[in-house]
Amino acid sequence: TDFNSYSMKSVGVDPSPGSAAMGICVTENVNGIVNVIHSEEIPRPDFGEMIDKTVEVVLKYNIRFDNNCRIFVDGANPAFIRTLKQRLREDPEYDRQINIWKADNGANIVNLQFLIQYMYRPSSTVLQIS
């Protein structure tokens, strides 16, 4: 699939361990048009496969916070979110950061738009493609 390496992209992940399938979809915004550049269902993945597949897609499509790309994950699986953030060299304690933001700004300000803008805290290392 052709894609623009510098376009704003989003990744949607629905991790479903066990008997369900995992879904992952990547879209890009090019001149106001949203293109689906990757869509996949992985039947019955284990936890490690879900993390590996998500990281593979993030690297393949140049998903980086600094070029306005975002990753959206079903919040029903916090272990997946923490592990993914750790693998992407982000702070895995995202729930602690949300609580700090709520305490500092009021619970009403921490909504989806707020999280889309600020939900990224890099760790001290940089993600490397191996």
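Notes on the structure in this doc start here. (Residues numbered from 1 in each chain as written. Predicted model: local features only at pLDDT ≥ 70, side-chain atom pairs only at ≥ 80, totals over all residues. Heavy atoms only, no water.)

**So, the nonpolar core**
- Counting residues in hydrophobic clusters, the biggest one holds 18 residues, and the most contacted among them are I24, V26 and I63.
- Those elements that provide at least two residues to this core are β1 (8-14), β2 (22-30), β3 (33-42), α1 (47-60) and α2 (78-87).
- Element by element, the count of residues in this core is highest for α1, at five residues.
- The contact partners of I63, leaving out residues within four places of it in the chain, are K9, V11, V26, V57, V58, C69 and I71. (Core = buried A, V, L, I, M, F, W, Y, C linked by side-chain atoms within 4.5 Å. Buried < 20%, exposed > 50% of the residue type's maximum accessible area, 1.4 Å probe, protein only. Helix = DSSP H or I, 4+ residues; strand = E, 2+ residues; numbered from the N terminus. Contact = heavy atoms within 4.5 Å.)

**What about the environment of N4?**
- Here N4 is to be found in the segment before β1.
- Judged by relative accessible area, N4 falls into the partly exposed class, the value being 33%.
- Separated by 24 residues in sequence, N4 and E28 place their C-alpha atoms 8.0 Å apart.
- Discounting residues that sit within four places of it in the chain, N4 has contacts with K9, E28 and V30.

**Things to note about the side chain of K53**
- Tracing the sequence through the fold places K53 in helix α1.
- Setting aside chain neighbours within four positions, we find K53 in contact with I24, E40 and I42.

**Digging into the packing of aromatic side chains**
- As enumerated under the stated definition, the model contains one aromatic pair in all.
- Note on F47 and F80: the rings are 6.3 Å apart at their centroids and 80 degrees apart in plane angle, and the pair reads as edge-to-face. With a gap of 33 residues between them, F47 in helix α1 and F80 in helix α2 connect regions that are remote in the sequence. (Phe/Tyr/Trp six-rings, centres within 6.5 Å; stacked < 30°, edge-to-face > 60°.)

**Considering the pattern of salt bridges**
- For the structure shown, the criterion picks out six salt bridges.
- As a salt-bridge pair, R87 and D52 come within 2.8 Å of each other at their nearest N and O atoms. Taken together, the residues R87 in helix α2 and D52 in helix α1 connect sequence positions 35 residues apart.
- By relative accessible area, R87 is classed as partly exposed at 32%.
- Overall, D52 belongs to the partly exposed group, its relative accessible area being 42%.
- The partner of K85 in a salt bridge is E90, with the nearest N and O atoms 2.6 Å apart. This pair shows no difference in class: K85 is buried, exactly as E90 is. (Salt bridge = Lys/Arg side-chain N within 4 Å of Asp/Glu carboxyl O.)

**Examining unusual backbone geometry**
- Although it is not a glycine, N31 sits at a positive phi angle of roughly 55 degrees.
- The residue N62 is not glycine, and still its phi comes out positive at about 55 degrees.

**Observations concerning the pairing of β3**
- Note that β2 and β3 share nine bridges and pair antiparallel. From the neighbouring strand, T27 faces β3, where its bridge partner is V36.
- Between the antiparallel neighbours β2 and β3 lie two residues, among them N31 with a positive phi of about 55 degrees. (Pairing = 2+ DSSP bridges.)

**A few points about the environment of V55**
- In this structure, V55 sits in helix α1.
- Look at V55 and you get buried, because its relative accessible area is 6%.

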